[in-house]
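The lines below spell out each chain.
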Amino acid sequence: MEKKASLYDFLPQEYPIPGKTVYRQKQIAEWLYQKRVTTFEAMSNLPHELRTELAHTFTLLPLELVTRQGAHDTTQKFLWQLTDGQLIESVLIPASPALYGEASDRKTLCLSTQVGCAYGCRFCASGLEGWKRNLTPGEIVAQILATEKISKQKVNNLVFMGMGEPLANYDNLMKAIEIINAPWGLNLGARHITISTSGLAPQIKKLADSPKQIRLAISLHGATDEVRTQIMPVNKKYPLSQLLEACLYYQKKKRKRITLEFILIQDINDSLDQAQHLAHLCQQLHAKVNLIPYNRVEGLPWERPSENRIKQFAKTVCAHGATATVRREKGHDIDAACGQLRLKTERKLATSSPTA
């Protein structure tokens, strides 16, 4: 049986409907993104014949909830199954006003953009089973719609830093952002959308040339090429000199501050020498840095530095003229590191399968 496409994969002007009238396009978009119906039959102001044709040709939300884990700090992780059986994750994170000075009603959703990941960052569970495929625009957008429906909370901040490398799925990502940002879509402002990348320099420049004022975060995790290459294999292809050039280009075009993400791993990148190099990079980019104590992943050898070492590292970064925040990641009790829940579930299913 041929797999049906999701209607969420299309922009309104692309809806494959008879006549493609603007009137019908607006009606369908309203049903999808404002009224958020779950069946085509519920689109009551469309002709019956059109509803029947749409139901025969397309699906609506292209994912289903497998499991939901809730943390004591109200962080929630969602494991979704796509129509082809693949699994992805999303994480809903509440604001931390004491740390960030953010509005207390801020709800951030970390979104996946790929099934698995090809970039093999040494600390991350997402790539342990390799890359399977890119997500479609509809599969990206559907994570927001389904999360809001299940959690009964309004998502008002998005970060593309779940499973996968967002900029390796550039075209689908940008189409999803078009739907998310558009008044006829989810109507979320670009300044509430952040793309986190492992450092794909050409795509960073491409993003800089796009018209949307999207925020950029760099998963740095090493302040010298020698250290970063140990943690981030992508650094062999795009070393820090190329990454720095791309980030400066982005800043020149967007005039937006970049955020550097730096996971602290014991005896790997937590030396005070790394802290000084990191401060220098921050000054060059006029960037701020989030220091993230490592969240242990089953099957990986890394350890979190001691609290004293974390404090020393942060103090050294700030003493050398940079702005640094120690970000206390949430959800330790819900496998909140990228890809952990999916990996555990897939391995459990493989073990329990009669053919395993």
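The structure this text deals with has already been given above.
Residues numbered from 1 in each chain as written. Predicted model: local features only at pLDDT ≥ 70, side-chain atom pairs only at ≥ 80, totals over all residues. Heavy atoms only, no water.

A. Inspection of the overall build of the chain at higher detail. Scanning the chain from terminus to terminus reveals eleven helices and 14 strands. Of all 356 residues assigned to the chain, the portion counted as buried reaches 54%. Partitioning the intrachain contacts of the chain with sequence separation of at least 6 by distance along the chain shows that 66% fall at a separation of at least 24. As presented, the chain carries roughly 16100 Å² of accessible surface, and 52% of it is formed by carbon and sulfur atoms. (Helix = DSSP H or I, 4+ residues; strand = E, 2+ residues; numbered from the N terminus. Buried < 20%, exposed > 50% of the residue type's maximum accessible area, 1.4 Å probe, protein only. Contact = heavy atoms within 4.5 Å. Areas by Shrake-Rupley, 256 points an atom, 1.4 Å probe, with all protein chains shown as cover.)

B. How the structure looks around the side chain of N269. Assignment of secondary structure puts N269 in the loop between β12 (259-264) and α9 (272-285). At 2.9 Å, the side chain of N269 and the backbone oxygen of H221 are in polar contact. A distance of 2.6 Å separates the side chain of N269 from the backbone oxygen of I263, its partner in a polar contact. Among residues more than four places away in sequence, those in contact with N269 are H221, V227, I231, F262, I263, L264, Q274 and F313. (Polar contact = N/O pair within 3.5 Å; in protein donor to acceptor, adjacent residues only side chain to side chain.)

C. Highlighting unusual backbone geometry. The backbone phi angle of R36 is positive, close to 55°, even though this residue is not glycine. For R36, the location among the structural elements is in the loop between α1 (22-34) and α2 (48-57). Positioned with a positive phi, H286 is a non-glycine residue whose angle comes to about 50°. Note on placement: H286 falls in the loop between α9 and β13 (288-293).

D. Summary view of the pattern of salt bridges. Tallied over the entire structure, the rule returns 14 salt bridges. Residue K205 is joined to E245 by a salt bridge in which the shortest nitrogen-to-oxygen separation is 3.4 Å. Here K205, found in helix α6 (residues 201-209), pairs with E245, found in helix α8 (residues 240-254); they are 40 residues apart in sequence, far enough to count as distant. On the basis of relative accessible area, K205 is assigned to the partly exposed category, the value being 27%. You can call E245 partly exposed: its relative accessible area is 46%. Across the pair D209 and K253 runs a salt bridge, and its minimum N-O distance is 3.4 Å. (Salt bridge = Lys/Arg side-chain N within 4 Å of Asp/Glu carboxyl O.)

E. Highlighting the sheet that holds strand β4 (residues 76-82). Pairing in this open sheet of ten strands is mixed, and the strands run β3-β4-β5-β6-β9-β10-β11-β12-β13-β14 from one edge to the other. Looking at which strands have only one partner, the edges of the open sheet turn out to be β3 (63-70) and β14 (323-326). Neighbour-to-neighbour, the strand axes of the sheet open up by a mean angle of 25°, direction not taken into account. Across three bridges, strand β9 (residues 157-160) lies against strand β10 (residues 193-197) in parallel orientation. Looking at β10, one finds that V159 is bridged to T194. (Pairing = 2+ DSSP bridges. Axes fitted to C-alpha atoms, helices over the stretch in contact; angles between N-to-C directions.)

F. Molecular detail of the packing of helix α4 (residues 137-151) against helix α5 (residues 170-181). With their axes 8 Å apart at the nearest point, α4 and α5 run at an angle of 45° to one another. The orientation of α4 relative to α5 falls into the category oblique. With respect to the hand of their crossing, α4 and α5 are arranged in right-handed fashion. Between α4 and α5, the contacting residues are P137, I140, V141 and I144 on the first element and N172, L173, K175, A176, I179 and I180 on the second. Residue classes in the contact of α4 with α5 are distributed as eight nonpolar, one polar and one charged. (Parallel < 35°, antiparallel > 145°, perpendicular 65-115°, else oblique. Left-handed = near helix turned anticlockwise from the far one by under 90°. Nonpolar A, V, L, I, M, F, W, Y, C, P; charged D, E, K, R; others polar.)

G. Quick look at the pairing of β12. Counting buried positions along β12 yields six of six residues, so the element is predominantly enclosed. Taking every second residue as pointing to the same face, both faces of β12 are buried, with T259, E261 and I263 on one and L260, F262 and L264 on the other. Note that strand β11 (residues 215-219) and β12 share three bridges and pair parallel. Its bridge partner being in β12, A217 is matched across the sheet by T259. Here six bridges tie β12 to β13, and the two strands are oriented parallel to one another.

H. Geometry of a positive patch on the surface. Together, R191, R215, R257 and K288 make up a region of like positive charge exposed at the surface. Assignment of secondary structure puts R215 in strand β11. Classification of R215 by relative accessible area gives partly exposed; the value is 32%. (Patch = residues over 30% accessible without salt bridge, like charges linked within 9 Å, V, L, I, M, F, W, Y side chains within 5 Å. Lys, Arg positive; Asp, Glu negative; His and termini not counted. Charge placed at Lys NZ, Arg CZ, Asp CG, Glu CD.)

I. A look at the packing of aromatic side chains. Using the criterion set out here, one finds five aromatic pairs in the structure. Seen in terms of ring centroids, Y8 and Y33 are 5.5 Å apart; in terms of plane orientation they differ by 80°. Their pairing is edge-to-face. Separated by 25 residues along the polypeptide, Y8 in the loop between β1 (5-6) and α1 and Y33 in helix α1 bring together distant segments of the chain. Comparing Y8 with Y33, the two get one shared label, buried. (Phe/Tyr/Trp six-rings, centres within 6.5 Å; stacked < 30°, edge-to-face > 60°.)

J. Spatial organisation of the nonpolar core. Of all hydrophobic cores here, the largest spans 104 residues; its most connected members are Y33, F123, L260, L278 and L291. Take this core: its biggest share by element is seven residues, from α5. Residue contacts for L278: discarding those within four places in its chain leaves L220, A223, L260, F262, V289, L291, F313 and V317. (Core = buried A, V, L, I, M, F, W, Y, C linked by side-chain atoms within 4.5 Å.)

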